[in-house]
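# Examination of the molecular architecture
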Amino acid sequence: MKKILLLSLFAIIPMLAISQTQMKFATVRLQEIFDAMPETAEANKKLADLAQKYKEENESIKNEYENKYTDYVKSRQTMPENIRARREQELLTISQAIEDFMMVAQNDIKQQQELLMMPIKAKLMEAVKSVGDEGGYMFVIDEAQMLYKGANFEDITIFVKAKLDLL
């Protein structure tokens, strides 16, 4: 019985060693590639333009508020109670509108960012998958997510950049 166990152990060890040498691992610097893609720059430009439009509109609403507030402060002592209450309500409404607008703007910018970046990320992941398949890698891991990288990993960042025509 001991001989059979010993023989089977000696048969399994070389097979484990062979399977270890056939497994290929790779790393890639996804953020570096993502930042280098021209689509990313275009998307960032669109997002910056959208943010600028929201900023300009927000400034316009704030200016309206400041003007009405200044007028209110100048004349509040002399205005009748009903007019003063109406103006205070109007200022409160504008103030709430500014807060609501800021929230809507932030949500819209975030949504637009997701919509614009999604196809870029998909294209990047497709290139990584393609290079991984072509290279016969068992795993491709983003270097930014790694805590330790041993000697058996190959960096395929340059191959992914080539696949995306970024070189």
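Details of the structure are given in the entry above.
Conventions used here
- Residues numbered from 1 in each chain as written.
- Predicted model: local features only at pLDDT ≥ 70, side-chain atom pairs only at ≥ 80, totals over all residues.
- Heavy atoms only, no water.
- Axes fitted to C-alpha atoms, helices over the stretch in contact; angles between N-to-C directions.
- Helix = DSSP H or I, 4+ residues; strand = E, 2+ residues; numbered from the N terminus.
- Parallel < 35°, antiparallel > 145°, perpendicular 65-115°, else oblique.
- Pairing = 2+ DSSP bridges.
- Expected span 1.5 Å × (residues − 1).
- Contact = heavy atoms within 4.5 Å.
- Bend = angle between axes of the 7 residues up to and from the residue.
- Patch = residues over 30% accessible without salt bridge, like charges linked within 9 Å, V, L, I, M, F, W, Y side chains within 5 Å.
- Areas by Shrake-Rupley, 256 points an atom, 1.4 Å probe, with all protein chains shown as cover.
- Salt bridge = Lys/Arg side-chain N within 4 Å of Asp/Glu carboxyl O.

Attention now goes to the packing of helix α3 (residues 38–75) against helix α4 (residues 81–135). Two measures define how a pair of helices packs: the angle their axes make with one another and the distance between the axes. At a minimum axis distance of 10 Å, the contact between α3 and α4 shows a crossing angle of 175°. In terms of orientation, α3 and α4 fall into the roughly antiparallel class.

Across the sheet, which stays open at both edges, the 3 strands sit in the order β2-β1-β3 with parallel pairing between neighbours. The open sheet terminates on both sides in strands that have one partner only, identified here as β2 (139–142) and β3 (153–155). For this sheet the average axis-to-axis angle between neighbouring strands, irrespective of direction, equals 30°. Here 3 bridges tie strand β1 (residues 25–28) to β3, and the two strands are oriented parallel to one another. When the sheet's bridge partners are listed, Phe25 is paired in β3 with Phe153.

Its 38 residues give α3 an end-to-end C-alpha distance of 56 Å, which sits within 8% of 56 Å, the value for a rise of 1.5 Å per residue. As for α3, its buried residues are in contact with α2 (30–36) and α4.

With that settled, consider α4. Spanning 55 residues, α4 covers 80 Å between terminal C-alpha atoms, matching the ideal 81 Å at 1.5 Å per step. Along α4, the helix axis deviates most sharply at Met117, where the bend reaches about 30°; the proline Pro119 sits within four residues downstream. Looking at the residues trailing α4, positive phi occurs at Gly136, about 70°.

Moving on to a nonpolar patch on the surface. Taken together, the side chains of Ile158, Phe159 and Leu167 present a nonpolar region at the surface, about 340 Å² in accessible area. Structurally, Ile158 is set in helix α5 (residues 157–163).

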